[in-house]
Amino acid sequence: MKDYIYWHLPGFSVFRDLNYTVIELMREFPNSFNENYRVGSVYGTFPGAIWNGGRTVLGFCPKNEIERTIKMFNSKHVPVRFTWTNPLIEEKHLNDTFCNLIMRLADNGENQVLVNTEVLENYLRKEYPGFKFISSTTKRITDPEKLHAELEKDYFMVVLDYDMNHNKEILESLRPVADRVEILCDEICFPECPKRLEHYRDEALKQLEFEISRPFNCPNRQEKKSFEDCKNKPAFISKEEMKDYIDMGFRNFKLVGRGLPQELVLDSYMYYLVKDGEEDFIRNQINKRLAEINAKKMAARKR
């Protein structure tokens, strides 16, 4: 198991069909994917869950769809990881009916939770001890001492702040615990952004108040995003550089995608997961299967 490289994919709800298709293809055509690569989890939220953080995800998801989504991924032994990282959560939010329903439905010993605030983490550890708990990058831990202190706590993993992605001194210091550190490879935001925590809080408030029309006043705001944008950011880790991280003992890598176009997400999967020369074959397989899934959905609606 230590030889496997685990990738954590975004949007288990919004990109459910894409992610499930990729998981299936990695098992059907292993020679088309990079050796020893596995999907370690699919992360995100169901629409309308107020505990969610990082990105605002509004909407509604019925119980049967929640159950179906969890079962789909768990049937492939892929954990569903909830982004319960809203930094504005207070005691009064802990009894939220919808969020607790999600946790009960996923409470089978296979799934995971990303956490940010002590009040919610303490509640979840008490009520749902069967989950694995992961310290979120939204904590914005950039001090090396605080990072190592975080890794001494009872976390399954700690997600590294992407501003540290190329800090050789910090990466070297993490070697003894590298298998418990998760690295975000293709962050699209700008490095060392002074408004990053403020942006997280703004997204959190919109999640709590079910309001998404008000854009955050970000000086680096981009209306159209692409995977090429990610590749041009200083925090980006190229596939050629991956060997250096793997040699240091890092085994867990995260890809962005929540709130981004599916085409960008697919491009990142092609770049990181698929062997050179196999991209066209796998992309065609994905597009073909997604078209079949959509056709079935359309036919079901007409009944």
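S.K.: Now, about the packing of aromatic side chains: what can you tell me, with residues and values included?
M.R.: In total, this model carries 20 aromatic pairs according to the counting rule given. Here the aromatic rings of Trp51 and Trp84 are separated by 5.6 Å at their centres, their planes lie at 85°, and the arrangement is edge-to-face. Here the residue Trp51 occupies a position in the loop between β2 (37-44) and α2 (63-74), and Trp84 occupies one in strand β3 (residues 80-84), the gap between them amounting to 33 residues. Trp51 sits in the buried class, given a relative accessible area of 0%. One aromatic cluster is present, built from ring pairs that chain together Trp7, Tyr37, Phe227, Phe236, Phe253, Tyr271 and Tyr272. A cation over a ring is seen here: Arg38 above Tyr4, with NZ or CZ 3.9 Å from the ring centre.

S.K.: Pulling in residues and values, what's your account of the sheet that holds strand β7 (residues 181-184)?
M.R.: The strand order around the closed barrel formed by 8 strands is β1-β2-β3-β4-β5-β6-β7-β8, and the pairing between neighbours is parallel. Across the sheet, the mean angle from the axis of one strand to that of its neighbour is 30°, orientation sign disregarded. The pairing of strand β1 (residues 5-10) with strand β8 (residues 252-254) spans 3 bridges and is parallel. Note on β8: the bridge partner recorded for Trp7 is Phe253. Against the sheet, helix α10 (residues 262-273) makes contact with β1 and β2, and its axis sits at roughly 175° relative to β1, the strand it touches most.

S.K.: Account for the layout of surface pockets, with residues named and values stated.
M.R.: The computed volume of the largest pocket comes to approximately 970 Å³. Forming the boundary of the largest pocket are 40 residues, of which Gly54, Arg55, Cys189, His199 and Glu203 lie nearest the centre. For the lining of the largest pocket, the leading source of residues is helix α7 (residues 196-209), giving 5 residues. Residues of the lining of the largest pocket, tallied by class, amount to 15 nonpolar, 13 polar and 12 charged.

The rules behind the values
Residues numbered from 1 in each chain as written. Predicted model: local features only at pLDDT ≥ 70, side-chain atom pairs only at ≥ 80, totals over all residues. Heavy atoms only, no water. Phe/Tyr/Trp six-rings, centres within 6.5 Å; stacked < 30°, edge-to-face > 60°. Helix = DSSP H or I, 4+ residues; strand = E, 2+ residues; numbered from the N terminus. Buried < 20%, exposed > 50% of the residue type's maximum accessible area, 1.4 Å probe, protein only. Lys NZ or Arg CZ within 6 Å of the ring centre and 35° of its normal. Pairing = 2+ DSSP bridges. Axes fitted to C-alpha atoms, helices over the stretch in contact; angles between N-to-C directions. Contact = heavy atoms within 4.5 Å. 1 Å grid on protein atoms, 1.4 Å probe; cavity = no way out; pocket = protein on both sides within 12 Å on 5 of 7 lines; lining within 4 Å. Points joined across faces, edges and corners; volume = space filled by probe spheres on them. Nonpolar A, V, L, I, M, F, W, Y, C, P; charged D, E, K, R; others polar.

Function cannot be read off these values alone, since they describe shape.
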